[in-house]
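# Fold and geometry: a report
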Amino acid sequence: MTCKTVLSMCVLFLAVPTWFGIFWITFLQIRQRAKAVLAAWVLGVTEMLALGQLALVPLVAGKFTLTTAVMVIKILFTAAALLSFYTVLRVYGQRLDAGDVNVFSRAVVGKRKSVTSGENGAKKIWSILFISLAAVLILLQAWILARYQHIDDDDARFVAEEVSAVVHDTMLVDDPIEDTFMYWDVGETRKDLASPWTMFVAACCRIVDVAPAIFSHTLFPFFMILICYGVYALIGQVLFAGDWEKTALFLIFLSVLHIWDYTSTHTLGSMLLLRIWQGKAVVASFIIPLLFFLFFQILQQRKTGRYPAVLYLVSFAGSLPSGIGIVIVPVLTAIYGIVDFCCHRNWKKTLLIWCSAAPCGLYLVYYLMGLA
Amino acid sequence: MADFYAVWDNFKNFIGGRDGVLHVLLFGLALLSCLFMGKKQRRLLVYPTIFVFVFFFNPLFYRYIGNKFLSGVYWRLLWMVPFTFVTAYGLASLVCHFRRQVVRVAAILAAAACVIVTGKCIYNERTFTEADNLYKLPQAAIDVGDAMAAAGIDWKVRAVVPNELFCYVRQYRCDVGLLYGRNAGGFISDISDEAKAVYHEMCRETPDIGLLTDLCRQQEVVFICFNTDMQQIPEDLSAYGYLPYRTIGEYSIYIWEEKA
C-alpha cells in the first residue's frame, strides 16, 4: 500500500463526495457551516452510490466489461462534479453581483466570532472537550478496523466476486467459488443484478488501483465508519436543534453503545464495526440512518419542502449495496409517509414521499421475482 | 401462533438472546422517556418505532412475505428500529439535564458504565487479531494460492484445499478455482455428488486416499492440498496419480501427474 493509494482513497471518499454534495447543500439550503460540510460529504457519498446503481444495473445485464463500467462511472462522476461546479459559480456569482466582495475570503476563513465572556468561555472549553472526545472515539473505531484483522466467511463470495471482476474484466459471470462460467441470472447471485455492490467495489478498486481484499478489509472500512458517524452527527444535529455539545455527547454514547453491542453478530454495532465493507452492513449503518435523518427533516416541516427530493437519490443508493436495502427503503418510506400524514394531514406530501420509493420498487419487483 | 413464535425467535436471534436483553431494556426506557419529552420526540422517534414493531411482529406479514422472501434473514428488518441512537439520545438528554459540568461528567461516566456493564465488547481476541498481511487473510491461504499459481500450468487450475482455507484462497487470487468451497455447506449453490464425496473425505482425519484421488482425477483437479497436522496422509501418492509438489508449513500440496 503506497501513499498514492491512500491519497487516491482520500480523493475518492473525501474530496469527490464533498464536492458532489455542494449541489445538495445548496439545493437544501443548509447554511450552518459545519453541518453543511458534513451534509455535503454524506449526500455526496449517497450520490456516488446512486450513480453506481444507475450505471451498473444495465451494464451487468448487458454483459459489459468492468472497464466499460469504470468508464461510465467516471463519466457520471464528472457530470456530477460539473453540476457542483456550476452550482458554486452560480451561488458565488449571485453574491458577487449583490456586491458582497468578501465572499471568497469568508468562505475560507469563516465568520469571526465575538470574544466570549468568562462563563461562555468555560462552556466553550467543555464543548471542545466533548467534541474532541467524540472525534477520538470515532477515529479509534475506524483505526481499529483498518489496523486489525477481522475475518468474515461471507467474503468468500463478495471479495471473490470482486477479485474475479478486476482480474478477468467481467461482471458477475464467474462462479465466485469454482470460477466456472455462471451468468448472474442463476441461483443465489440472480439477485446481485439488482444490487451489484461487489461490482461497485470492484470499480472503486480499479479506480484506486488496489487489490479488492486490501480495499475491503483495510482502506474502505476506515472511511466508511467516518461517513456513518457523519450521518449520526447529522441526526444529532436535528434531535438537539443544532447544539454541537449535545451532539458530541450523543456521539460519545453512540460510540460506547456500538462498541458494547456485540450481543449478537446481527446488531447494528456488529454490522458497523465488524464488516462495514459488506453491502448489507452499508445498508444497516449508512442507508437506514440516512433515511432517518431525511425523514426527521421532512417530518419537522409542514410544507413539502425540498428534502423529499433527496429520498429519490437514496432510493437508488439504497438498492446498490444489498437486496435488504431494496426491501427496507420502501418499507421505511411507507412507515414515515404514514407518520407524516398523521402529523400534517398533507396528502400531497405523503404521496411525494411514497413515490420516492418507486425506483426501489422497480428493483424490488425484480428482486422478488429472482427469489420466487 | 407458530408464526408469532417464529417471529419471536427472529427477534431473540437479533438481540442475541439473554445477552441482549439489558440493552433492549435500556432502549425501551429511552423510548419511554422520549414519549414524555415532547411532540417532536414522539413524532420523530416513538411513533415510527412503534410502527416498525407492529410491522415486524405481524404474523400475517411474516407468513406471506417474511417467510417466503426473507427466510432466514427476517431479523434484518429490525435494523429499521433505531435501537442505538434512541438509547444514545435518551442518555445524552438525561445527562444534559445537569447544568454543572462536573456533575455532567460524572453522569456521562455513570451512563457509559451502565452501557458497558449491560453489553458485550466487540473488540476481543475472537473478533480481532493482528493482521497476517495487507490482505487480512490467513497467510497460509496466500502461500498455498501463490504456490499453485507458480506452477504455470494454465490460466486457471482446479484445486481442493483443506476446509480452513477454502473461504480465503479465492479472495486473494482467482486463477485457482476450487472444486468446492463454502458452498459445501449450501452457501451459494449445491455442489455435485462427486464434490460432496471429496468434501466428506477431506473432513476425515484419515481420508480414503484411493477414493479421494479417483474422484479428483475424474473432476480434473490439478492440486490437492492437505493439512498434515490434522490429516494422516501417506507421503507418496504417485500410485494414485498425484506427485508431491510443495510443502508450506503444515500444508502439503500434490499435483496431478498428467499436468506436472
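Details of the structure are given in the entry above.
In this report, the structure presented in the accompanying data block is examined.

The rules behind each value
Residues numbered from 1 in each chain as written. Chains lettered and ligands numbered in written order. Predicted model: local features only at pLDDT ≥ 70, side-chain atom pairs only at ≥ 80, totals over all residues. Helix = DSSP H or I, 4+ residues; strand = E, 2+ residues; numbered from the N terminus. Buried ≥ 20, exposed ≤ 12 C-beta atoms within 10 Å, placed from the backbone. Contact = placed C-beta atoms within 7 Å. Pairing = 2+ DSSP bridges. Axes fitted to C-alpha atoms, helices over the stretch in contact; angles between N-to-C directions. Nonpolar A, V, L, I, M, F, W, Y, C, P; charged D, E, K, R; others polar. Parallel < 35°, antiparallel > 145°, perpendicular 65-115°, else oblique. Left-handed = near helix turned anticlockwise from the far one by under 90°.

### Quick look at the overall build of chain B
A tally of regular secondary structure across chain B gives 10 helices and 5 strands. The principal-axis extents of the C-alpha atoms in chain B amount to approximately 80 × 50 × 30 Å. The 260 residues of chain B split such that 38% are buried. Partitioning the contacts of chain B with sequence separation of at least 6, the portion at a separation of at least 24 is 57%.

### A word on the sheet that holds strand β3 (residues 223-227) of chain B
Residue and element names in this part refer to chain B. If you trace the 5 strands from one edge of the open sheet to the other, you get β2-β1-β3-β5-β4, paired in mixed fashion. Pairing within the sheet leaves two strands with one partner each, and these edge strands are β2 (176-178) and β4 (242-248). Direction aside, neighbouring strands of the sheet carry axes that sit 30° apart on average. Across 2 bridges, the pairing between strand β1 (residues 157-160) and β3 is parallel. Within β3, the residue paired with Ala-159 across the bridge is Phe-223.

### Examining unusual backbone geometry
Residue and element names in this part refer to chain A. With a phi angle near 55°, Gln-29 is a residue other than glycine that sits in the positive phi range. You can call Gln-29 exposed: it has 9 C-beta atoms within 10 Å. Non-glycine residue Lys-63 carries a positive phi angle of around 55°. Structurally, the position occupied by Lys-63 is in the loop between α2 (33-61) and α3 (66-97).

### Here's the deal with the interface of chain B and chain A
With 67 residues of chain B at the contact, the number on the chain A side is 69 residues. Those elements giving two or more residues to the side of chain B that touches chain A turn out to be α1 (2-15), α3 (39-56), α5 (83-96), α6 (101-118), α8 (169-172) and β2 of chain B. No other element matches α5(B), which puts 10 residues into the side of chain B that touches chain A. Residue composition of the side of chain B that touches chain A, grouped by class: 41 nonpolar, 15 polar and 11 charged.

### Comments concerning the packing of helix α11 (residues 279-300) of chain A against helix α12 (residues 307-319) of chain A
All names here are of chain A. The geometry of α11 relative to α12 is characterised by a closest axis approach of 10 Å and an angle of 165° between their N-to-C directions. Classified by the angle their axes make, α11 and α12 are roughly antiparallel. Two packed elements cross with a definite hand, and for α11 against α12 that hand is left-handed. Contacts from Val-283, Ile-287, Leu-290, Leu-291, Leu-294, Gln-297 and Ile-298 in α11 reach Tyr-307, Pro-308, Val-310, Leu-311, Val-314, Ala-317 and Gly-318 in α12. Here the contact of α11 with α12 is composed, by residue class, of 12 nonpolar, 2 polar and no charged.

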